[in-house]
Amino acid sequence: MSSKMIVNYKELYDITSTLTPIYSDCGELCGKICCQPDSEDNLGVYLYPGEERMFTGKENWLQWEHRNPAEDDFPPSWGFPVHFIRCTRSCPREQRPLNCRFFPLAPHLLKDNTLLLIHETLKLPYMCPLITGRTPLRKDFAEITARCWQELLRDSRIRDLVEMDSREREREGCRPYVVYPGIKIF
Ligand code: SF4
Ligand code: SF4
C-alpha cells in the first residue's frame, strides 16, 4: 500500500547523477533551451515532497517560490508549500532536480497500475528536439528513470499526481509516445 512517506532522494540523486538521455550533450541540439527563461519568466521546476531537503536554500543559481498546491492544480493530498524553483544561471549538474534529470520522459500510470514512460505531454514554451525528432534515448536512461519512478510512486501524494495527470491525458484523448512500456506497480 502506498503512503505519505519521504522518498530516498539521496539514492535517486546518486543513481541519476551522470545520467543523460542520449550519449552526446543534447543541449548542443537546442542551445539548452529547456534551461532558458521564457518571455514571461514562468519557466521553472516543481520539486517532489521532501526533495527540497536536497538543497540548502542558499544556492546562488536558484530562486525559490512557495506555491499553493490548489492554485497550481496539484491533487488535494499535496500540502502547502509546493516548492518551485527557477534557475538564474547554469546549475552545478550534480545538483539539478529530478524533473530535469528525467526530462523528456514523464510517467503515465494505466488504470491497471502499469507504469509507462512517455514523452512529456505538458505544453511547453519550447520544442525539445528529442521529442520532436523522436530521438532514440539511451536504454539505461529509460531503465534508471523507471526505477526512480517505482520509488517515487511509493509516496501517495506523488502517486495521486501521476494518476491525475494520466486520467487527464486519457480524458483529453492524448495518445502519448511510449518510450518504456510496462512495469507493474503495486
Ligand atoms: S530541450 Fe531537449 S534536447 Fe534541449 S537540452 Fe532540454 S532535453 Fe536536451
Ligand atoms: S536545474 Fe539545471 S538542468 Fe534544470 S533547468 Fe536549471 S539549469 Fe537547466
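Analysis parameters
Residues numbered from 1 in each chain as written. Chains lettered and ligands numbered in written order. Predicted model: local features only at pLDDT ≥ 70, side-chain atom pairs only at ≥ 80, totals over all residues. Heavy atoms only, no water. Near = heavy atom within 4 Å. Helix = DSSP H or I, 4+ residues; strand = E, 2+ residues; numbered from the N terminus. Nonpolar A, V, L, I, M, F, W, Y, C, P; charged D, E, K, R; others polar. Buried < 20%, exposed > 50% of the residue type's maximum accessible area, 1.4 Å probe, protein only. Polar contact = N/O pair within 3.5 Å; in protein donor to acceptor, adjacent residues only side chain to side chain. Contact = heavy atoms within 4.5 Å. Pairing = 2+ DSSP bridges.

Novice: Help me understand the site of ligand 1 in this model?
Specialist: Around ligand 1, a shell composed of Cys26, Gly27, Cys30, Ile33, Cys34, Phe103, Cys128, Pro129 and Leu130 is seen. Elements represented by at least two residues in the shell around ligand 1 include exactly α2 (27–30) and α4 (129–132). Residue composition of the shell around ligand 1, grouped by class: 8 nonpolar, 1 polar and no charged.

Novice: Whenever I open this one, the side chain of Thr114 confuses me. Can you help?
Specialist: With respect to the secondary-structure elements, Thr114 resides in strand β5 (residues 114–119). Thr114 sits in the buried class, given a relative accessible area of 11%. Side chain to side chain, Thr114 and Asp112 meet in a polar contact 2.7 Å long. In this view, Thr114 contacts His108, Leu109, Gly182, Ile183 and Lys184; residues no more than four positions away in its chain are not counted.

Novice: Mind showing me how you'd approach the pairing of β5 here?
Specialist: Here is the key point about a regular strand: its side chains alternate between the two faces of the sheet. Counting buried residues along β5, 6 of its 6 residues qualify, which places the element largely inside the surrounding structure. Both strand β4 (residues 105–109) and β5 contribute to a ladder of 5 bridges, which runs antiparallel. For Pro107, the partnering residue across the bridge sits in β5 and is Leu117. Following β4, the chain reverses through 4 residues before pairing antiparallel with β5; Asn113 in that reversal takes a positive phi of roughly 70°. Examined bridge by bridge, β5 and strand β6 (residues 178–184) share 4 bridges and lie antiparallel to one another. Following the sheet pairing, Leu117 is matched in β6 by Tyr180.

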